[in-house]
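Listed here are the chains, written in short residue letters.
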Amino acid sequence: MKVGLYLFENDCRLSDNPALTTLASQVDTLICIYLPTVNLWTARKAQCSPSFAAECYRNQTLNALHQSLVSQQQKLYLLRDTAQLKALTEIIHTQQVTHIGRTVHPGFDEQKLWLKLQDNFPHIQYISAYSNTLFEPNSLPISASELPPSFTPFRKAVEEVEPNSPIATAQLPPKPNRIPELAEFKANSSYSIKVAAGEAQAQQQLQQYFQTDAALTYKETRNALFGEHFSTRFSPILAYGAISPRQIKQALTQFEQQRGANESTYWIWFELLWREYFHWYALKHQHRLFCFSGVKTKTPKTSFYPERFLKWCQGRTPSALVNAIMHELTKTGWISNRARQIAASYCVNELQLDWRCGAAFFEQHLIDYDVAANWGNWQYIAGVGADPRGGRHFNITKQQALFDPDGEYIKLWQGEATPQLDSQDHVGWPLEDN
Ligand SMILES: Cc1cc2nc3c(=O)[nH]c(=O)nc-3n(C[C@H](O)[C@H](O)[C@H](O)COP(=O)(O)OP(=O)(O)OC[C@H]3O[C@@H](n4cnc5c(N)ncnc54)[C@H](O)[C@@H]3O)c2cc1C
């Protein structure tokens, strides 16, 4: 009897999921578990739990995954506690697991558990696949370990390469009769947010987006702070893997064939390649994604000021625009790319805060939190990552004039400026080189 265990993480879907499809075809029974990432916040010694919006969104996504599994006489299980290795060890023993599958995860902490399982149970067959990226190591025209230090050479090397076509929905074998060690997933239906969650809604969102003309003007609208269809808003469904980037690429290509390709449709591809770059960047740099000096050896001249950090988190800084952005983030769990850049630049440049505090706060609040995109982008802005110009400093007054000239966004998110930054004098800190 072959017993399979599938570990869902950021691949919450049954279609275009090669690791799941392969595992399902090789076993007689299958146990489907979602690995909660809660303990990873503590692993990185950052904030301890996801925000309300992030929690709601995860719950919605898992509910949808559970429903897809139920339609195939399967169920989604959760580990009872956060001691994941201990809990999995018990299941492996009691259920006599012979095969384990998962999608490759770019996160350093997330990889540890997988490596530990392989060490502890060498007799088990392990099946993993790259399905949250456009490419796999052997279809990338450059070696993943020789990833260029900045995006442009990577983009030039890969942009003409066609990713593999998405594969069909996995057909799952039944679950074992009794699994007492595991808790069945139960949706908390008392709260929800209005964002497409799970595979069916993700496919619907994809179709609806390409039924509009939005893709034809994406390049001109993508920098907006608010409004409808100014960007794709695919990030939450991508972050949980309710959809694969290859499915998006396929839909984009079909759209271009039917409606015509232009600079804007190309730019959606360009942005998907940014996501791809940061994925391979995280895999290459491992724990350095979370180091103060980033992947460079240059230590930023920033520090930690609790009062400033709190004011930034709560949207009580001297910048009305930054405050509006932080209010939108903490209320909804999603902000535009331009808003993320402005808030991050303000955090590291004006407030001179350690960029990792900002990244951890985003991690806690974003419904589309993605370890590679989040920490990679923060490193980029802080000047310790992939930016060949050595970091980005956005002029907040100019940004406001360009992207919120009439103050509509500020009004919408009640971004009143708080005149005083510090109640104490911080002059001379951090120390200047002399
Ligand atoms: C400080 C900071 C933190 C960020 N944290 C995250 C995060 O945790 N999760 C996340 O998915 N994105 C993150 N981004 C990238 C980007 O802001 C979001 O992907 C984008 O705003 C999501 O909106 P959208 O889906 O409408 O994007 P669109 O503009 O429609 O782009 C389409 C897709 O391309 C990808 N993409 C676009 N821009 C980027 C980028 N700069 N880096 C990587 N991928 C990109 C996303 O998958 C996105 O869904 C961050 C950016 C910054 C500056």
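Residues numbered from 1 in each chain as written. Predicted model: local features only at pLDDT ≥ 70, side-chain atom pairs only at ≥ 80, totals over all residues.

Novice: Is there a simple way to explain the overall build of the protein chain in this structure?
Specialist: For the protein chain, the count of helices and strands is 18 helices and six strands. A globule of 434 residues ought to have a C-alpha radius of gyration of about 22 Å, and the protein chain, at 22 Å, matches this closely. Each principal axis of the C-alpha atoms in the protein chain carries an extent, and together these give about 70 × 50 × 45 Å. (Helix = DSSP H or I, 4+ residues; strand = E, 2+ residues; numbered from the N terminus. Rg over C-alpha atoms; globule rule 2.2 N^0.38 Å.)

Novice: Looking at this structure, I do not really get the UniProt feature "binding site: FAD" (unreviewed entry) in the protein chain. What am I missing?
Specialist: Taking the numbering used here, the UniProt-annotated feature "binding site: FAD" (unreviewed entry) corresponds to Tyr-218, Ser-231, Thr-232, Arg-233, Phe-234, Ser-235, Asp-368, Tyr-369 and Asp-370. Tracing the chain through its elements places Ser-231 in the loop between α8 (218–221) and α9 (235–239). Not counting the four nearest positions on each side in its chain, Ser-231 is found in contact with Arg-222, Ser-336 and Asn-337. Note on placement: Thr-232 falls in the loop between α8 and α9. In contact with Thr-232, other than residues within four places in its own chain, are Tyr-209 and Ile-268. (UniProt positions renumbered as here; feature names shortened; annotations may be inferred. Contact = placed C-beta atoms within 7 Å.)

Novice: Honestly, the environment of Gly-415 in this entry has me stumped. Any pointers?
Specialist: Mapped onto the elements of the fold, Gly-415 is located in the segment after α18 (408–412). You can call Gly-415 buried: it has 23 C-beta atoms within 10 Å. Between the C-alpha atoms of Gly-415 and Thr-103, which are 312 residues apart in sequence, the distance is 41 Å. Ignoring anything within four residues of it in the chain, the contact list for Gly-415 reads Gly-315, Ala-320, Leu-321, Asn-323, Ala-324, His-327 and Ile-410. (Buried ≥ 20, exposed ≤ 12 C-beta atoms within 10 Å, placed from the backbone.)

Novice: Please clarify how the site of the ligand should be interpreted in this entry.
Specialist: The full set close to the ligand counts 29 residues, and Ser-231, Thr-232, Asn-337, Asn-374 and Asn-377 are the nearest of them. Only α9, α11 (263–285), α14 (337–350) and α16 (371–382) provide two or more residues apiece to the shell around the ligand. The element best represented in the shell around the ligand is α11, accounting for six residues. A per-class count over the shell around the ligand returns 14 nonpolar, eight polar and seven charged. Residue-level mapping places the shell around the ligand at the junction of two domains, with at least three residues from each of domain 2 (201–287) and domain 3 (306–412). (Near = placed C-beta within 6 Å. Nonpolar A, V, L, I, M, F, W, Y, C, P; charged D, E, K, R; others polar. Domains from an automatic or database assignment.)

Novice: So what exactly am I meant to see when it comes to the sheet that holds strand β6 (residues 183–184) here?
Specialist: Hydrogen bonds between backbone groups are what pair the strands of a sheet, and the pairing can be parallel or antiparallel. One open sheet holds the six strands; their spatial order is β5-β4-β1-β2-β3-β6, and the pairing between them is mixed. This sheet does not close on itself; its edge strands, each paired only once, are β5 (125–129) and β6. In terms of strand pairing, strand β1 (residues 3–8) meets strand β2 (residues 29–34) through six bridges, oriented parallel. By the bridge assignment for β2, Tyr-6 is matched with Cys-32. (Pairing = 2+ DSSP bridges.)

Novice: Explain the pairing of β1 to me, please; I cannot follow it from the model alone.
Specialist: Look at any regular strand and the pattern is simple: side chains alternate between the two faces of the sheet. Counted residue by residue, β1 has six buried out of six residues, so it is predominantly covered. Neither face of β1 is open: one carries Val-3, Leu-5 and Leu-7, the other Gly-4, Tyr-6 and Phe-8, and all of them are buried. Handedness of the crossover joining β1 and β2 through helix α1 (residues 18–26) is recorded here as right-handed. Both β1 and strand β4 (residues 99–103) contribute to a ladder of three bridges, which runs parallel. What sits directly across from Leu-5, in β4, is Ile-100. (Right-handed = clockwise from strand over helix to strand, strands pointing away.)

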